[in-house]
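Residues per chain, in single letters:
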Amino acid sequence: MRISVIGCGYLGAVHAACMAKLGHEVIGIDVDEQKIGALSEARSPFFEPGLDQLLKNVQETGRLSFTLDMAEAEGSGVHFICVGTPQKYGENGADLSHVNAAMEALLPYVRPDDIIVGKSTVPVGTAARLSIILAEHEPRAHLVWNPEFLREGHAVKDTLSPDRLVYGVADGSDDHAAVSVLDEVYAAPLSSGTPRLVTDLPTAELVKAAANSFLATKISFINAMAEVCEAAGADVTRLADAIGMDDRIGRKFLNAGIGFGGGCLPKDIRAFMARAGELGADQALTFLREVDAINMRRRTRVVELTRELCGGSLLGQHITVLGAAFKPESDDVRDSPALSIAAQLQLQGAVVTVTDPKALKNAAKRFPELRYEPDLDSAIGGADALLLLTEWQQYRELDPFDVSSGVAGLRILDGRNVLDADKWRAAGWHYRGLGRP
Ligand code: UGA
């Protein structure tokens, strides 16, 4: 099939490459010259495991190309909208300007029977509004909503073999013309057993908002338990293991630590609250305000714990932060809790050095005032305290004896509860986890 993918960021670039991998002929379109330049040379503009290799493989087949020119979307039967929906400046709601602009730019090239497939995370009601605009322009084309559930760091696998496919269509019926077209797009994952649900448009939009809200709630729940565990002298990691054995609860997303960040969960729960307010259903989601508050409290808690670890004052303390990305296997620093903590420590008088295997360039753009050191040994050298804030494998594997020789003080705060506390203590370190005695 001929497919266009509009928006080539974390979502669109991966989607375009994966659609070509599935055998389709794909044109990726973006307004950002740098992005298109890199992708055209089979280089990913961001770090995502496996993506560079995939881009190279599929570009060699001739099935994938990139352009700045929207006119090249013409002739594709399926157009995926994959642009970003960031939080509006100073407001909780989502900024839909990129979605609106993509739609407006695409309309002149839409032909009868084309389908436009929204993948961006949008407030419920957006698809219905875009359907009206599309119908005014080309009543024989269809708009469907097909939310994306990929995780950064696992994006290629999540796109090639998703755990479910959701198609939102105007009448919510399996017989809708767009359903068979999407079935053809996703023939490969469907044939290997991926479940597929057809819903109406608002349900499909809400599935995404609800999924991310649930994940955020799960993380904040365990972080709230961490607060109680700290007060009671209990261990939240053992508590999570024990409640996670109940398969109604499950152990995944119950890792207490410095909380969630990234370009999705924080802004999605806020946009969801804002939209519910507009719909008169704000009471239903007031709990998400608490989810957000618990999450933000983690960051201040880590600053306080670091102060305690340093003997009561941060002034002049050399602190090395291990990890800048919002999670491992990513160079994304959008709303990264690690960086936010690093910046707060610096503001309070500490001398902060940040290291990360992939995210330092992006981090330096966001917080130019921090010191960045790509070499792990140099970053650790002379530190009064280490803070493990993003659980990259190389930090999980640090050996407390090896590290001891380079630092000025044997103090470590494990912001993700991934180190073996006994091992570090046995090596003479003052170890602090979160929500652990
Ligand atoms: C999230 C969702 O997991 C995806 O399903 C969704 O498609 C995506 O948002 C999106 O809307 O595009 P992502 O932002 O890549 O994916 O990251 P997650 O793996 O969900 O992690 C989010 C944050 O939660 C990270 O900062 C992570 O460190 C933190 N986290 C995760 C915890 O603090 N504890 C946990 O137990 C799990």
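Cut-offs applied
Residues numbered from 1 in each chain as written. Predicted model: local features only at pLDDT ≥ 70, side-chain atom pairs only at ≥ 80, totals over all residues. Heavy atoms only, no water. Pairing = 2+ DSSP bridges. Helix = DSSP H or I, 4+ residues; strand = E, 2+ residues; numbered from the N terminus. Contact = heavy atoms within 4.5 Å. Axes fitted to C-alpha atoms, helices over the stretch in contact; angles between N-to-C directions. 1 Å grid on protein atoms, 1.4 Å probe; cavity = no way out; pocket = protein on both sides within 12 Å on 5 of 7 lines; lining within 4 Å. Points joined across faces, edges and corners; volume = space filled by probe spheres on them. Nonpolar A, V, L, I, M, F, W, Y, C, P; charged D, E, K, R; others polar. Domains from an automatic or database assignment. Buried area = accessible area lost by both parts, 1.4 Å probe. Salt bridge = Lys/Arg side-chain N within 4 Å of Asp/Glu carboxyl O. Polar contact = N/O pair within 3.5 Å; in protein donor to acceptor, adjacent residues only side chain to side chain. Buried < 20%, exposed > 50% of the residue type's maximum accessible area, 1.4 Å probe, protein only. Arc of directions from axis to C-beta. Near = heavy atom within 4 Å. Areas by Shrake-Rupley, 256 points an atom, 1.4 Å probe, with all protein chains shown as cover.

### Describing the sheet that holds strand β13 (residues 411–414)
Then comes step 1: Read across the open sheet, the 6 strands follow the order β11-β10-β9-β12-β13-β14; overall the sheet is parallel. Strand pairing shows two members of the sheet lacking a second neighbour, β11 (371–372) and β14 (430–432), which therefore form its edges.
Then comes step 2: By the bridge criterion, 3 bridges tie β13 to β14 in an arrangement that is parallel. Across the sheet, residue R411 finds its bridge partner in β14, namely H430.
Then comes step 3: Relative to the sheet, helix α12 (residues 286–309) contacts β9 (318–322), β12 (385–388), β13 and β14, its axis offset from that of β13 by approximately 165°.
Then comes step 4: Contacts from helix α13 (residues 337–347) reach β9, β10 (351–355), β11 and β12, with the element oriented near 160° to β10.

### Considerations on empty space enclosed by the protein
Empty space among the atoms becomes apparent when a probe as large as a water molecule is rolled across them.
Then comes step 1: A complete count under the given rule lists 1 cavity of 30 Å³ or more for this structure.
Then comes step 2: Volume-wise, the largest cavity comes out at about 110 Å³.
Then comes step 3: Taken together, 13 residues make up the lining of the largest cavity; nearest its centre are V122, P123, A209, A271 and F272.
Then comes step 4: When contributions to the lining of the largest cavity are tallied by element, the ones reaching two or more residues are α9 (201–232) and α11 (265–278).
Then comes step 5: The dominant element in the lining of the largest cavity, judged by the number of residues it contributes, is α11, at 5 residues.
Then comes step 6: Tallied by class, the residues present in the lining of the largest cavity amount to 7 nonpolar, 2 polar and 4 charged.
Then comes step 7: Residue assignment places the lining of the largest cavity across two domains, with domain 1 (2–194) and domain 2 (218–437) each supplying three or more.

### Thoughts on the domain arrangement of the chain
Then comes step 1: Each domain of the chain was delimited in the assignment, giving domain 1 (2–194) and domain 2 (218–437).
Then comes step 2: Contacts between the two partners involve 17 residues from domain 1 and, on the opposite side, 17 residues from domain 2.
Then comes step 3: Between domain 1 and domain 2 lies a buried interface of about 1400 Å² when both sides are counted; carbon and sulfur atoms form 53% of it.
Then comes step 4: Considering only the side of domain 1, the residues that lose the most area to domain 2 are F47, N92 and E152, jointly responsible for 44% of the buried surface there.
Then comes step 5: Counting the contacts that link domain 1 with domain 2 gives 1 salt bridge.
Then comes step 6: Among the salt bridges present, the one from E152 reaches R334, with a minimum N-O distance of 3.2 Å.
Then comes step 7: The tally of links between domain 1 and domain 2 comes to 9 residue pairs in polar contact (both at pLDDT 80 or more).
Then comes step 8: For the side of domain 1 that touches domain 2, a count of residues per class yields 8 nonpolar, 7 polar and 2 charged.

### Here's the deal with helix α4 (residues 97–106)
Then comes step 1: All buried positions along α4 are accounted for by V99, A102, M103 and L106. The arc that holds every buried residue of α4, seen down its axis, measures 95°, which confines them to one face.

### Describing the environment of I6
Then comes step 1: You can see I6 is positioned in strand β1 (residues 2–6).
Then comes step 2: Residues in contact with I6, not counting those within four places in the same chain, are I29, M70, H79, F80, I81, C82, V83, A102 and L106.

### Observations regarding the site of the ligand
Then comes step 1: Taken together, 21 residues form the shell around the ligand, and within it L150, E152, K208, N212 and K327 come nearest.
Then comes step 2: Between the ligand and F149 there is a distance of 2.9 Å, counted from an oxygen atom to a backbone nitrogen or oxygen.
Then comes step 3: In the model, an oxygen atom of the ligand is placed 3.4 Å from a nitrogen or oxygen of the L254 main chain.
Then comes step 4: The protein chains hide 91% of the 710 Å² of surface that the ligand would expose on its own.

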